[in-house]
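Coordinate analysis (summary)
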Amino acid sequence: MSVKEELLEEVLTETKEKKQNEIIVFNDEVNTFDHVIEMLIKICEHDALQAEQCTLLIHYKGKCGVKSGDYEDLKPRCSKLLEAGISAEIQ
């Protein structure tokens, strides 16, 4: 195995092992569809269609991953969702 192949294999292994974090929003009986949609657009930078689809999944499936990325980016977003009364956590 050449040095280039070994380095490539090492980079690919590190990439696979790096855990992707995700904000999960859970269904509740308190928030309206409009409120959740508005917050997903504002806080998670969804477009209207994406926010609506996530909200429907939250309602019918009980939860939905609404944003993936680095923990440092997701933490303030998750905090804002919680402040808005939306049940969310980072997994």
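Residues numbered from 1 in each chain as written. Predicted model: local features only at pLDDT ≥ 70, side-chain atom pairs only at ≥ 80, totals over all residues. Heavy atoms only, no water.

Per an unreviewed UniProt entry, the chain goes by the name ATP-dependent Clp protease adaptor ClpS and belongs to Haloflavibacter putidus.

1. What about the nonpolar core?
Ile23, Val25, Leu40, Val66 and Leu81 are the most contacted members of the largest nonpolar core, which totals 18 residues. Only β1 (21-26), α2 (33-44), α3 (48-61), β2 (63-69) and α4 (71-83) provide two or more residues apiece to this core. A total of 6 residues in this core trace back to one element, the largest contributor, which is α2. Once you skip the residues sitting within four places of it in the chain, valine 66 turns out to touch Ile23, Val25, Leu40, Cys44, His46, Cys54 and Ile58. (Core = buried A, V, L, I, M, F, W, Y, C linked by side-chain atoms within 4.5 Å. Buried < 20%, exposed > 50% of the residue type's maximum accessible area, 1.4 Å probe, protein only. Helix = DSSP H or I, 4+ residues; strand = E, 2+ residues; numbered from the N terminus. Contact = heavy atoms within 4.5 Å.)

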